[in-house]
Amino acid sequence: MSYPGTRSVPAVDVESAARLVAHGMRPKALPARDPAYADLVRRYREDDVFADTVQRIASGLGLVVLAVGPASGLVLAAVEDSAFEIRMDEYARRTVLANRQADKVMHGLAHLAVAALAFPRADDLADDTYVGRVSVDQVDGAVREACRTLSERVAGTAEADPVSDAPQLEEVWRAWLRRPEATATKDGRAGEATTRGIVGKALRFLADQGFLVPVGPDGVYRTTPRYQVQVRELAAQRTFDELLALGVLPAAGPDSLAGVAGV
Amino acid sequence: MQTGVPRAGDEGLARRLKALACTAPLHDLDARKTRLDWVDAERYQMAEIGLQAIDEVTLAMDFDHGAAQPEVVRRLLPFIGTQAPDAPAGEHERVGRWVIENLINVGSLDRGFAVEYGSLAADGRYVRRRFDFKLLVELAGPDGEVYLRTSDEAINVLVGALDTDVESAQVAAEVQLENLISRGLLGDARLAAEQARYRTVQYAEALRQKLDATRRDVRSVDWLAAVPALLDEALTHIEGRYRAETAILDHIATARDEATEPSRRRQAAELVGVVRDCIQRHTQLQTRLQEAGAVFRAEQDRQQFAGRPRRAAIDVFGQLLRPCLTLHVATAVEPTAAFFRAGTGVRVPSVPSLGGLVETLLAPPSDRDPLGEPVPVPELAPAAPDPFGADRWGRVDAALNTALPAAGRAVRLSALLAEARAADPDLPRLVALRVLHAVGSAVTTARTQGDAELLLAVDDGTVLRDAEYGGADLLVGTAEVL
């Protein structure tokens, strides 16, 4: 078989391929709701040349095709420094300059925790039919419990309290544990700088991105296939690599699930 | 051994310093009260109010909730009131709120307190450390409301057992209690009984945390050793307390009945109340302890049921989240940011249309009339005239009145119609309408309006035989409204 890129592609096919990419950019568009989208998805899966064209268009825009399926549609991710990338600075804009670093970490951690609670076991992340459920209560509670376990580990030793003159050397679990979970505000809403506020913001943002769907009145969300693909194919892997580079994880494959607890 | 030179790992010093630090916010209340411009704060003892507030919050803590802030303030009012009886109630409330907000430390981001202390590292270096603590903590309840709970540090400050083991403090408190009762010092006995109750609250809180964690992930809680140990410990505590308190209750009840001095009698009666409450708390904790095993088994069944792995994937919680929590804040920036960038999808930049922008900028400003939009004149249509007229209404009223002589007697609709037709050919229609309306007479409405009597129409199944109207030949009568 000749290399697909050497073939000439009709201009009309390029347009169709670009249309598929455009569908992928709409977070809430689904093939099940749009027959034209579903046709393009089917074509992507059956026609290698078309698939290659779609990938090249995406790549030219600074995007990567993570998955294409009838349930998830076209799942795109931005490459680094692409115009389509969501930046933490824009997401967590309303933070006090003094704890900018800690705040950024907490916002990032909230997203990590949402994924962790949405897919509690490795099997859940791997299983395409799995639908996770998350709520603010559950996410903040689980992170707090994990922090508490870590604090119990150092309790009674000299390390029980952080060094006072180097805030950047404080462990993340201390910062999370210290932050209040909720504050009573004048208008009765949860305070934004609290851990529940931070997790709530993450859940709402992910819902806007079409990754979560609210179910029921109690602030419970369920995951969409797009989210599972996004976490499995990209986010978890990239974070894993970062941690590996930091020497935090043993240099084994991601499938060694022997309860990696920490450093 | 040389004295005066601090030794490495001298934990006693750090422990005492931390205990001391927990009282600082209370002293601070009195130090800062003079700066309040809305109250003559000299007459309030803020530290006392603070301790009282911590008491109230602790006593209101149970398995599910703490106390809502307004409720705590409300319970504090009598206590604050005794310090300045002639001050307005609004001021008492404001003082109560100020104290609670200061114990939460509302102004700070973390809503807590911190104190610095030093310790010697293994190599003899002096290391400054920061001890973070809270006194009152705000938590979100299941209904979304924010509740207050007392932190462990605050319970320790309150109980006064700053650096003691839970179990030994418990034993000491019991011994103290029996002594006090035998010596007749009931006020202190009450304190000791309350201390025992705080221990129960602490066990309950520890158990609640473990059960919550189990519901989220069975594997995160050590059900092999740690939890059974906690359950055993708590059960032993309850067993001991239950026996002790039943005995105390008998004892005090006798003391209460035999006491001749009124104040002693009142103290004894109060103590009976406290001890009863203690017993109730113990029973509550015991119920939860008995259910704990079932919670674990149910969660294990639920969570362990899983299909076979289809492909290798990352365990996000164990392999990513937990390691991230152990990192230093500065180091954690990259991995968490990497997850954020990769896990939030793509953002479609919004591009303003240049044509549209130019047009918007070039558009002349619209003139605004200072008086605003003209008020449209409403088009008034003439109301439909009453087809019957006041005259006919009056005649129907009169006809109904004469035809229905007394309450309790009824007339047939056919009779009324015949009578009306004889007077005026248009009148039967109004009569029929009035009677029809009387079928659904609302007694409640008549009563609220204060009507003395009410027109009632009832269908008894007789068919109306009339040239103009069909249906049931209703029985019409008046009823007195009682």
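All of these numbers come straight from a predicted model, not from anything done at the bench.

What counts and what doesn't
Residues numbered from 1 in each chain as written. Chains lettered and ligands numbered in written order. Predicted model: local features only at pLDDT ≥ 70, side-chain atom pairs only at ≥ 80, totals over all residues. Helix = DSSP H or I, 4+ residues; strand = E, 2+ residues; numbered from the N terminus. Buried ≥ 20, exposed ≤ 12 C-beta atoms within 10 Å, placed from the backbone. Contact = placed C-beta atoms within 7 Å. Pairing = 2+ DSSP bridges. Axes fitted to C-alpha atoms, helices over the stretch in contact; angles between N-to-C directions. pLDDT = per-residue confidence, 0-100. Parallel < 35°, antiparallel > 145°, perpendicular 65-115°, else oblique. Left-handed = near helix turned anticlockwise from the far one by under 90°. Nonpolar A, V, L, I, M, F, W, Y, C, P; charged D, E, K, R; others polar. Core = buried A, V, L, I, M, F, W, Y, C linked by C-beta atoms within 7 Å. Domains from an automatic or database assignment.

## Overview of the overall build of chain B
Counting secondary structure elements, chain B contains 16 helices and eight strands. Taken across its 482 residues, chain B has 30% of its residues classed as buried. Taking the contacts inside chain B whose residues are at least 6 apart along the sequence as the reference set, 59% of them involve residues at least 24 apart.

## Regarding the overall build of chain A
Secondary structure summary: chain A contains ten helices and five strands in total. The contacts in chain A between residues at least 6 apart in sequence include a share of 51% that link residues at least 24 apart.

## Some points on the interface of chain A and chain B
Listed by partner, the interface residues are 87 residues for chain A and 67 residues for chain B. Broken down by secondary-structure element, the contributors of at least two residues to the side of chain A that touches chain B are β2 (73-78), α5 (100-118), α6 (122-126), α7 (136-154), α8 (172-178), α9 (195-208) and α10 (225-245) of chain A. It is α5(A) that provides the largest number of residues to the side of chain A that touches chain B, a total of twelve residues.

## Topic: the sheet that holds strand β8 (residues 475-480) of chain B
All names here are of chain B. Strands sit in the order β6-β8-β7 across an open sheet of three strands; the sheet is antiparallel. Whereas interior strands pair on both sides, the edge strands pair on one side only; in this sheet they are β6 (410-412) and β7 (453-458). Averaged over all neighbouring strand pairs, the angle between strand axes comes to 25 degrees, with direction disregarded. Sheet strands in contact with helix α15 (residues 427-439) are β7 and β8, and its direction is about 95 degrees off that of β7.

## Some details on the confidence of the model for chain A
Residue and element names in this part refer to chain A. In this model, chain A carries a mean pLDDT of 83, and residues with pLDDT of at least 70 account for 88%. The secondary structure element of chain A with the lowest average pLDDT is α6, at 83, and the one with the highest is helix α2 (residues 35-46), at 93. Residue range residues 251-263 is modelled with pLDDT below 50. Its contacts to residues more than four positions away, or to other chains, number 19 contacts.

## Examining helix α10 (residues 316-326) of chain B
The element α10(B) is largely enclosed, with a buried count of ten among its eleven residues. Listed as buried for α10(B) are Val316(B), Phe317(B), Gly318(B), Gln319(B), Leu320(B), Leu321(B), Arg322(B), Pro323(B), Cys324(B) and Leu325(B).

## A few points about the sheet that holds strand β5 (residues 220-223) of chain A
Residue and element names in this part refer to chain A. Read from one edge of the open sheet, three strands run β3-β5-β4, paired in antiparallel fashion. Of all strands in the sheet, those with a lone pairing partner are β3 (133-135) and β4 (212-215), marking the two edges. Ignoring strand direction, the axes of neighbouring strands in this sheet form an average angle of 35 degrees. Pairing geometry for β3 and β5, over three bridges, is antiparallel. Following the sheet pairing, Arg133 is matched in β5 by Arg222. Seen against the sheet, α9 touches β3, β4 and β5 and runs at an angle of roughly 110 degrees to β4.

## Notes on the packing of α7(A) against α9(A)
All names here are of chain A. Interhelical geometry of α7 versus α9 gives an angle of 125 degrees and a closest axis separation of 9 Å. Our classification of the angle between α7 and α9 gives oblique. In the crossing of α7 with α9, the sense of the turn from one axis to the other is right-handed. Every residue of α9 that contacts α7 at Val136, Val139 and Asp140 is listed here: Thr195, Arg196, Val199, Gly200 and Leu203. Grouping the amino acids of the contact of α7 with α9 by side-chain chemistry returns four nonpolar, two polar and two charged.

## Points about unusual backbone geometry
Of note in the backbone geometry, Asp81(A) takes a positive phi value of approximately 65 degrees without being a glycine. With respect to the element layout, Asp81(A) can be found in the loop between β2 and α4 (88-91). The phi torsion at Asn105(B) lies on the positive side, around 65 degrees, for a residue other than glycine.

## Topic: the pairing of strand β4 (residues 136-140) of chain B
Along a regular strand, successive side chains alternate from one face of the sheet to the other. Residue and element names in this part refer to chain B. Counting buried positions along β4 gives four out of five residues, so the element sits mostly inside the fold. Pairing analysis gives five bridges linking β4 to strand β5 (residues 146-150), with the strands arranged antiparallel. Looking at β5, one finds that Ala140 is bridged to Val146. Hairpin remark: β4 followed by β5, antiparallel, with five residues in the connecting loop; positive phi at Gly144, about 85 degrees.

## A closer look at the confidence of the model for chain B
All names here are of chain B. This prediction gives chain B a mean pLDDT of 77; 82% of its residues lie at or above 70. A low-confidence stretch, residues 161-169 (pLDDT under 50), is modelled with nine contacts involving residues beyond four sequence positions or located in other chains. Interface confidence for the predicted complex, given as ipTM, is 0.88, next to a pTM of 0.62.

## Points about the packing of α5(A) against α10(B)
Interaxial distance between α5(A) and α10(B) falls to 9 Å at its minimum, and their mutual angle equals 160 degrees. Looking at the two axes, α5(A) sits roughly antiparallel to α10(B). In the crossing of α5(A) with α10(B), the sense of the turn from one axis to the other is left-handed. Where α5(A) approaches α10(B), its residues Leu109(A), Leu112(A), Ala113(A), Ala115(A) and Ala116(A) are matched on the opposing element by Val316(B), Phe317(B), Leu320(B), Leu321(B) and Cys324(B).

## Examining the nonpolar core
Among the nonpolar cores identified, the biggest contains 85 residues, and Ala113(A), Val114(A), Val172(A), Val316(B), Leu320(B) and Leu321(B) are the most heavily contacted of them. Take this core: its biggest share by element is twelve residues, from α5(A). Each of domain 1 (10-78) and domain 2 (88-245) of chain A gives at least three residues to this core. Discounting chain neighbours no more than four positions away, the residues touching Leu320(B) are Leu112(A), Ala116(A), Ala236(A), Thr239(A), Phe240(A), Leu243(A) and Ile314(B). Counting 32 residues, the second-largest nonpolar core is a separate cluster that includes Ile54(B), Ile104(B), Val146(B) and Tyr198(B).

## Considerations on the pairing of β4(A)
Residues and elements named next belong to chain A. Inspection of the sheet shows β4 paired to β5 by four bridges, in the antiparallel sense. Within β5, the position partnered with Leu212 by the bridge is Thr223. Counted between consecutive antiparallel strands, the loop separating β4 from β5 contains four residues, among which Gly216 sits at a positive phi close to 75 degrees.

## Observations regarding the environment of Ala14(B)
Residue and element names in this part refer to chain B. Here Ala14 lies in helix α1 (residues 11-32). For the pair Ala14 and Tyr117, spaced 103 residues apart in sequence, the C-alpha to C-alpha distance is 7.1 Å. Once residues lying within four places of it in the same chain are set aside, the contact partners of Ala14 are Tyr117 and Ser119.

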